[in-house]
Amino acid sequence: DVKVTQSSRYLVKRTGEKVFLECVQDMDHENMFWYRQDPGLGLRLIYFSYDVKMKEKGDIPEGYSVSREKKERFSLILESASTNQTSMYLCASSSLVGYGLEQYFGPGTRLTVT
Amino acid sequence: QQQVKQSPQSLIVQKGGISIINCAYENTAFDYFPWYQQFPGKGPALLIAIRPDVSEKKEGRFTISFNKSAKQFSLHIMDSQPGDSATYFCAASRGARNTPLVFGKGTRLSVIA
């Protein structure tokens, strides 16, 4: 059974803290993604990576950075957390199957910044 | 600039009815159009997908209709059930290996008995 796991389901941090969100996939997928999900705004892509040590900015990279040192692991870093980064964060990985990318999502991390 | 526009934002359907969610896209280079289903507390999961060389794809009670000239595609859920209550996202991409999906903003479907 394919799996994308995220290090925490719920996280509460203070403004200004450095926050690490970890994601691990066991499917040997090349691509990995970080999204944030907010009511009414849908899924917004923060960063993605299509290979180890490679990263590409998504639609809303400001305030975030990422790290991919191993194929199975993709980390999202909030250098200095702010209250407007309170959100649900979803990690995904994908493979090219047939004619398109099937993305597998983790269960999400609900981050609250106070 | 939103590349995939999804409507309606929310939808209430009676049990046994047909649920219809619509999406429109702008980028004519898109050639892969999936729909994702998300239940509360879970990540989205692929439901059904289509390529533009066909106008319709059906899997069980779920059907994608695709209109290439209008740059629109829609999800139809026949005989809607309370268990179908979820948030649905349409998406599009060029289908290339390192091209991410572009998602619509989602539709919250409630099927009431």
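Anything mentioned here points back to the structure above.
In this text, all values refer to a predicted model and were calculated from it rather than measured experimentally.

Calculation criteria
Residues numbered from 1 in each chain as written. Chains lettered and ligands numbered in written order. Predicted model: local features only at pLDDT ≥ 70, side-chain atom pairs only at ≥ 80, totals over all residues. Heavy atoms only, no water. Phe/Tyr/Trp six-rings, centres within 6.5 Å; stacked < 30°, edge-to-face > 60°. Helix = DSSP H or I, 4+ residues; strand = E, 2+ residues; numbered from the N terminus. Buried < 20%, exposed > 50% of the residue type's maximum accessible area, 1.4 Å probe, protein only. Patch = residues over 30% accessible without salt bridge, like charges linked within 9 Å, V, L, I, M, F, W, Y side chains within 5 Å. Areas by Shrake-Rupley, 256 points an atom, 1.4 Å probe, with all protein chains shown as cover. Salt bridge = Lys/Arg side-chain N within 4 Å of Asp/Glu carboxyl O.

Participant: For this particular structure, what's the right way to read the packing of aromatic side chains?
Facilitator: Remark: the centre distance and the inter-plane angle together describe each pair of aromatic rings, the angle taken between the planes. According to the stated counting rule, one finds 17 aromatic pairs over all chains in the structure shown. Pairing Y25(B) with F66(B) gives two aromatic rings, centres 6.2 Å apart and planes at 15°, and the pair type is stacked. Within this pair, whereas Y25(B) is found in strand 3 (residues 19-25), its partner F66(B) is found in strand 7 (residues 62-67), the two being separated by 41 residues in sequence. Assessed through its relative accessible area of 9%, F66(B) is described here as buried. Residues W35(B) and F73(B) carry aromatic rings whose centres are separated by 5.8 Å and whose planes lie at 70° to one another, so their mutual orientation is edge-to-face. With W35(B) in strand 4 (residues 33-38) and F73(B) in strand 8 (residues 72-77), this pair connects stretches of sequence that are 38 residues apart. Each of the two residues, W35(B) as well as F73(B), counts as buried. An aromatic cluster of at least three residues, connected via ring pairs, comprises F33(A), Y35(A), F48(A), F105(A), Y36(B), F89(B) and F103(B).

Participant: Looking at this model, I keep getting lost on a nonpolar patch on the surface. Mind explaining?
Facilitator: Residues and elements named next belong to chain B. A contiguous nonpolar surface patch, about 240 Å² in accessible area, is contributed by I18, I20 and M78. Relative to the elements of secondary structure, M78 occurs in the loop between strand 8 and strand 9 (86-92). Given the relative accessible area of 35%, M78 is considered partly exposed.

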